[in-house]
Amino acid sequence: MRIRFTKMQGAGNDFVVLDETRARFNLSTAQYRFLADRHFGVGADQILTVRPAPNDTLDFEYVIHNADGGEVEHCGNGARCFVRYVRDKGLTTKDRVRVKVQQGEIELQMNADGRVTVNMGAPILDLLKVPFKADGLKHALVNGCEVWQLPLKAAKTDAEAHVAVVSMGNPHAVQVVDNVDTASVLTHGPLIEHHPSFPNRVNAGFMQIVSRDVVRLRVYERGAGETLACGTGACAAVVAGIRMGLLNPKVDVQTHGGTLTIEWQGLAKNDLSQAVFMTGPATSVFEGEIDVPNLP
């Protein structure tokens, strides 16, 4: 089967975007994995699919598959690329679109400066809904925010991560580190991702506080490994930092792929159900066609 695709990136987080507004490709998990493969396919952190809106109140459906072929709930950097794609392809003329994601709806805004703002919705702090199983784990309260002591079973020595747990439609475990350059992202990241306290696995965030308005962030993404940027990870990190009393409501998040601006007024307005807003770049890289083999 030959399919057309567009390669895009948002702050270095790269995507293969597929248009299924006219017909479904019905790709298997293995075929999504093939497209994401950087040696044999196109290469991407995630595969984004544009589908027709399921009802009249929405503009599109937005479906995300990780590089391992598994479908996931949300991808913030991908959401920005999504709205640029549908605008560039003439699928809509709107500056603001509402789309269905796996666990709800989000709103995307194309700005005059070419950057995209995404209403990411309210953070999910209910541990059962993350989901996170805290049975038997110790925690400390930092400015009222629960920071969990997560034992990590490493090959040579045991370690411990101190994480705040947040969901932005997908689960995140955020820890504050002294320096992201020397943080144990590649060794502790996969241990946190597969920790039994997270039944759906988790994205592991490593955040360095530069000032109350600036952080540096690395994220070991579930099913993708470390990426150059993670939009939902940036949102989760800022929410965690604000709740711990370390950050102001509007923060620039510096990643290896670029800077994202995250705003959350949850503590300032004493309302944790306030939505998180993320603003950042979205760029088309190239277009092409690829023959996708029949894979189960």
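Use the structure listed above.
Residues numbered from 1 in each chain as written. Predicted model: local features only at pLDDT ≥ 70, side-chain atom pairs only at ≥ 80, totals over all residues. Heavy atoms only, no water.

**Thoughts on the pattern of salt bridges**
It is possible for side chains of opposite charge to pair when their charged atoms get near one another.
Thought 1: A complete count under the given rule lists 23 salt bridges for this structure.
Thought 2: In this structure, E287 engages R4 in a salt bridge whose closest nitrogen and oxygen atoms are separated by 3.5 Å. In this pair, E287 is assigned in strand β19 (residues 283–291) and R4 in strand β1 (residues 2–10), connecting sequence segments 283 residues apart.
Thought 3: Among the ionic pairs, R51 bridges to E20, the shortest N-O distance being 2.7 Å. With a gap of 31 residues between them, R51 in strand β3 (residues 46–52) and E20 in the loop between β2 (13–19) and α1 (29–36) connect regions that are remote in the sequence. When sorted by exposure, R51 lands in the same class as E20, which is buried.
Thought 4: A single salt-bridge network, built from bridges that share partners, covers R2, R4, K89, E287, E289 and D291. (Salt bridge = Lys/Arg side-chain N within 4 Å of Asp/Glu carboxyl O. Helix = DSSP H or I, 4+ residues; strand = E, 2+ residues; numbered from the N terminus. Buried < 20%, exposed > 50% of the residue type's maximum accessible area, 1.4 Å probe, protein only.)

**Re the pairing of strand β16 (residues 250–255)**
Working note: regular strand, side chains alternate between the two faces of the sheet.
Thought 1: What you see with β16 is a clean split: V251, V253 and T255 sit on the buried side and K250, D252 and Q254 on the side with no burial.
Thought 2: With three bridges connecting them, strand β14 (residues 214–221) and β16 associate as parallel partners. Paired with V214 across the strands is D252, a residue of β16.
Thought 3: Between the antiparallel neighbours β16 and strand β17 (residues 258–264) lie two residues. (Pairing = 2+ DSSP bridges.)

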